[in-house]
Amino acid sequence: MQRDLDRSVQRTLCRVLLLLAGALVLSCATLVFSTHRLGNSLQTLVADRVRPLSDLHAVSQVLNVELPRVIDPERPSEGRAAAVAQAFERLQRPWAAYQATWLTPEETELMRDAQRRLTELQRLLDAAPAAAERYARALQPLNQTLAALMHLQVQVAEQELQQGRQLGATAKALGLGLSLLGLLLCAYALQQLRQRVLQPLRVVADAVATLAAGERTDSPELKALSGDFAEVGEQLQRLRRSLGTPGSTV
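Residues numbered from 1 in each chain as written. Predicted model: local features only at pLDDT ≥ 70, side-chain atom pairs only at ≥ 80, totals over all residues. Heavy atoms only, no water.

1. A look at the environment of Gly177
Okay, so step 1: Looking at where Gly177 falls in the secondary structure, it is placed in helix 4 (residues 132-212).
Okay, so step 2: Residue class for Gly177 comes out partly exposed when judged on its relative accessible area of 39%.
Okay, so step 3: Put simply, Gly177 and Ser27 are 150 residues apart on the chain and 9.3 Å apart in space, counted from C-alpha to C-alpha. (Helix = DSSP H or I, 4+ residues; strand = E, 2+ residues; numbered from the N terminus. Buried < 20%, exposed > 50% of the residue type's maximum accessible area, 1.4 Å probe, protein only.)

This is the structure in structure tokens:
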């Protein structure tokens, strides 16, 4: 084949290979980036939404189950103050953990209101450990605040989960697009190989078979390639002469 044609084929194949490599690199980068973002979203969801929701549940458990049992007037009053103090100590651990998480401005405002009501409840029980009725009335607005905080936790968690789903869908669509681009580039490369390499070789093979059968061929494609074979023959003759010079080794 002609040298210009060879160079054209090489350039075409190089472009296709570069495009394929670029598509592969972009696909891998997209996969790594989307996986990293999705991992961060899940970590944020667990750290800032799931665990704080569990902490709020623990606070509500102490306020609505343990403390009412401790201050029940039918229970013996001996050691009641110490039991109340221990219950508030157990409550402070999950409450402090909740306060240390990332909160929206609305959650921050509700958290401050809940902290104020918690302080009032603690002062009430410190002053009167058996004030069950007053405690129940004071607990009701605090429960409403805690319920609002839990609702916000779930709402924000759903939003973050939806963002993670959208990110996954975008990565999936981009990956499919890059895969389709790779398939198209492969098809283009195969078409170029067939048109510029395989088809001329097939013409030569058919012409050789025709000549071997004792027939004459006037294929225009073969005539177009005759100059190329002549050039190859001249190169072989020059190589043979150079090998046949004195001092050369065959």
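2. Here's the deal with the pattern of salt bridges
Okay, so step 1: For the structure shown, the criterion picks out five salt bridges.
Okay, so step 2: Arg116 is paired through a salt bridge with Asp113; the nearest N and O atoms lie 2.7 Å apart. Of this pair, Arg116 and Asp113 are both found in helix 3 (residues 105-127), three residues apart, which corresponds to roughly one turn of the helix.
Okay, so step 3: For Arg116, a relative accessible area of 40% translates into the label partly exposed.
Okay, so step 4: Across the salt bridge formed by Asp113 and Arg117, the nearest N and O atoms sit 3.1 Å from each other. Here Asp113 pairs with Arg117, and both are found in helix 3, just four residues apart, close to one helical turn.
Okay, so step 5: You can call Arg117 partly exposed: its relative accessible area is 22%.
Okay, so step 6: Members of the salt-bridge network, linked through shared partners, are Asp113, Arg116, Arg117 and Glu120. (Salt bridge = Lys/Arg side-chain N within 4 Å of Asp/Glu carboxyl O.)

3. Some remarks on the packing of aromatic side chains
Okay, so step 1: Enumeration over the complete set of coordinates arrives at one aromatic pair.
Okay, so step 2: Measuring from centroid to centroid gives 5.6 Å for Trp95 and Tyr98, while their planes differ by 25°, and the two rings are stacked. Placement of the pair is Trp95 and Tyr98 together in helix 2 (residues 80-99), with a separation of three residues, close to one helical turn. (Phe/Tyr/Trp six-rings, centres within 6.5 Å; stacked < 30°, edge-to-face > 60°.)

Any functional reading would require information that these geometric values do not contain.
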